[in-house]
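An overview of the molecular structure
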Amino acid sequence: MNRTEIYLDHAATTPVDPRVLEAMLPFFTERFGNPSSIYAAGREARAALDQARARIARLLNCQAREIVFTSGGTESDNLAVKGVAFWHLVNGRGRHIVTTAFEHHAVLHSAEYLERFGFHVTDVAPDADGIVQPEAIEAALRPDTILVSVMYANNEIGTIQPIREIAHLCRERGITVHTDAVQAAGTLPLDVEELGVDLLSISAHKFYGPKGVGLLYVRSGTPILWQQHGGAQESNRRAGTENVPGIVGMARALELAYEELDERNAHVQALRDRLIDGILQRIPDSRLNGHRHQRLPNNVNVTFAGVDGETLLLNLDLHGIAASSGSACTTGSTEPSHVLLAIGATPEQARSSVRLTLGKDNTAREIERTLDVLEETVARLRKLAGARSR
Ligand code: PLP
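Residues numbered from 1 in each chain as written. Predicted model: local features only at pLDDT ≥ 70, side-chain atom pairs only at ≥ 80, totals over all residues. Heavy atoms only, no water.

Some thoughts on the site of the ligand
The environment of the ligand is made up of 13 residues, and the closest members are T74, D180, Q183, S203 and K206. In this structure, an oxygen atom belonging to the ligand sits 2.8 Å away from a main-chain N or O atom of G73. Within the contact set of the ligand, an oxygen atom lies 2.6 Å away from a side-chain nitrogen or oxygen of K206. Contact with the protein chains hides 87% of the accessible area of the ligand, taken as 390 Å² for the molecule alone. Take the shell around the ligand: its biggest share by element is three residues, from helix α3 (residues 73-91). Partitioned by chemical class, the residues of the shell around the ligand number two nonpolar, eight polar and three charged. (Near = heavy atom within 4 Å. Polar contact = N/O pair within 3.5 Å; in protein donor to acceptor, adjacent residues only side chain to side chain. Areas by Shrake-Rupley, 256 points an atom, 1.4 Å probe, with all protein chains shown as cover. Helix = DSSP H or I, 4+ residues; strand = E, 2+ residues; numbered from the N terminus. Nonpolar A, V, L, I, M, F, W, Y, C, P; charged D, E, K, R; others polar.)

Let's talk about the nonpolar core
The tendency in soluble globular proteins is for nonpolar side chains to be buried side by side. Grouped together as the largest cluster of nonpolar side chains are 66 residues, with contacts concentrated most on I137, L190 and L200. Take this core: its biggest share by element is 10 residues, from helix α9 (residues 244-259). Once you skip the residues sitting within four places of it in the chain, L190 turns out to touch L59, L60, Y152, A181, A185, L195, L200, I202, L254 and Y258. Counting 27 residues, the second largest nonpolar core, distinct from the first, contains L271, I283, L312 and L313. (Core = buried A, V, L, I, M, F, W, Y, C linked by side-chain atoms within 4.5 Å. Buried < 20%, exposed > 50% of the residue type's maximum accessible area, 1.4 Å probe, protein only. Contact = heavy atoms within 4.5 Å.)

Details of the packing of aromatic side chains
Ring pairs (aromatic) are described by centroid distance and by the angle formed between their planes. Summed over all chains, the structure comprises two aromatic pairs. Look at F86 and F117: their rings are 5.0 Å apart centre to centre, the planes differ by 85°, and that puts the pair in the edge-to-face class. Of the two residues, F86 sits in helix α3 while F117 sits in the loop between α4 (105-114) and β4 (120-124), which places them 31 residues apart along the sequence. Judged by its relative accessible area of 35%, F117 is partly exposed. Three or more aromatic residues joined by ring pairs form one cluster here, namely F86, Y113 and F117. Residue placement shows K82 over the ring face of Y113; its charged tip is 4.7 Å from the ring centre. Above the face of the Y208 ring, K360 is positioned so that its terminal group lies 4.7 Å from the ring centre. (Phe/Tyr/Trp six-rings, centres within 6.5 Å; stacked < 30°, edge-to-face > 60°. Lys NZ or Arg CZ within 6 Å of the ring centre and 35° of its normal.)

A closer look at the pairing of strand β8 (residues 214-218)
Across the five residues that make up β8, a large majority, five, are buried. Pairing between strand β2 (residues 67-70) and β8: four bridges, direction antiparallel. Looking at β8, one finds that I67 is bridged to Y217. As paired strands, strand β7 (residues 199-203) and β8 are joined by five bridges and run antiparallel to one another. Along β8, the bridge assignment pairs L200 with Y217. (Pairing = 2+ DSSP bridges.)

Some words on the sheet that holds β4
Ordered in space as β2-β8-β7-β6-β5-β3-β4, the seven strands form an open sheet in which the pairing is mixed. This sheet does not close on itself; its edge strands, each paired only once, are β2 and β4. Between one strand and the next, the sheet's axes are offset by a mean angle of 20°, whatever the strand orientation. Note: strand β6 (residues 176-180) against β7, three bridges, orientation parallel. (Axes fitted to C-alpha atoms, helices over the stretch in contact; angles between N-to-C directions.)

Some thoughts on the environment of I131
Counting through the fold element by element, I131 comes out in the loop between β4 and α5 (134-140). For the pair formed by I131 and H291, sequence separation is 160 residues and the distance between their alpha carbons is 7.6 Å.

Regarding the packing of α3 against α4
The packing of two helices is summarised by the inter-axis angle and the distance between the axes. It is the contact of α3 with α4, at a shortest axis distance of 9 Å, that shows an interaxial angle of 30°. In terms of orientation, α3 and α4 fall into the roughly parallel class. Where α3 crosses over α4, the two elements pack in a sense that is right-handed. In contact with T74, D77, N78, V81, K82, A85 and F86 of α3, α4 contributes A106, V107, S110, A111, Y113 and L114. Along the lines of polarity and charge, the residues of the contact of α3 with α4 split into eight nonpolar, three polar and two charged. (Parallel < 35°, antiparallel > 145°, perpendicular 65-115°, else oblique. Left-handed = near helix turned anticlockwise from the far one by under 90°.)

Considering the environment of I97
Position of I97 among the secondary structure elements: in strand β3 (residues 96-100). In this structure I97 comes out as buried when scored by relative accessible area, which is 1%. Each C-alpha atom of the pair I97 and L60 lies 26 Å from the other, and the pair is 37 residues apart in sequence. Leave out the neighbours within four places in its chain, and I97 touches A85, L114, F119, H120, V121, T122, I146 and L147.

Things to note about the pairing of β4
In this sheet, β4 lies alongside β3 in parallel orientation, the contact comprising five bridges. Residue pairing in the sheet places H96 in a bridge with H120 of β4. Following the backbone out of β3, through α4 and into the adjacent parallel β4, one traces a crossover that is right-handed. (Right-handed = clockwise from strand over helix to strand, strands pointing away.)

Remarks on the pattern of salt bridges
Side chains that differ in sign of charge can pair as their charged atoms come close. Following the criterion strictly, the structure yields 26 salt bridges and no others. A salt bridge links K360 to D17; the nearest nitrogen and oxygen atoms lie 3.4 Å apart. Highlighted residues: K360 in the loop between β12 (353-357) and α14 (364-389) and D17 in the loop between β1 (6-7) and α1 (18-24), separated in sequence by 343 residues. With a relative accessible area of 3%, D17 lands in the buried category. (Salt bridge = Lys/Arg side-chain N within 4 Å of Asp/Glu carboxyl O.)

Below, the structure is given as structure tokens:
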């Protein structure tokens, strides 16, 4: 099997930073206690957990008790959407949820599931640049709207959403607002007061932390029915022995990301711009998907007309380059990306698209190599497709 030499799929996942691993390691071995145990080893784990929570709360500008640790972005999104909806099913009358057509499936499928319980869901369309306009959200609101869930940055095209404005118009009306900040965390500001959201999901493996751990920020007083029952962990809000090494790692990873934010963002943005410009200049009939500037500094998503995206990815892989044709969760399915369809791509265009997402350890030389391979491969695949259709 060939090896991945150039990793350009940081939106799918990132490697654990060695400094994060170092912080985690003691909690697998000598400091392995269960934070719910009363003896010294348990208290030690509890202290590490409390400390991690306090450090993360500082970064999010919230209270430590407003953080609920989870198993990752998917669980946080499920908890936010279902938790608020089920609270209203029991206590309120509102049955309407507003989200967008290009959310991650963790939000979209949760909302769809709630339709079985009598909820109505409006999927607001983003514009052709991949931006959800606050006016479009406003127009979708109804007197019985209980929840608005809009992602902070899109995972496929990297476009950054006007969350502050959206949160403001929801809160004016007393509507709970959730943002899936999984792709934004570690890159964009996460101050929940500044953003004005009630609920915010993040996942450690997107910012050089471990997989299988995340959190949901829950503003005090937010109507929510907890979804996981068992022990009294997380103050009776999310049962299950806490993933202590993971949580310690997430806290360290988040701290490092914000300490090094400007440096990391400037580095990936310069590489991203070089990659975008190189593709558009050197490869005919290529098009950038999503707003040119209002996008994550590390995201490139392009359509190469007449080229099958999956075939292109396989060819890139043969050259040791890892990229993606949309979100990893849908790779292997023949369905065109719902994100690209939502911004107006045809199914054929969507199937001719690839996502390249950069990371802090990518180099200029890797980008030049990727451009060479892309130029050569796209030309070859187009020639083959032309020969086949003749
Ligand atoms: N939300 C977004 C925007 C994502 O990009 C992802 C992961 O790809 C998730 C949610 C799910 O996160 P996790 O992999 O931690 O379950």
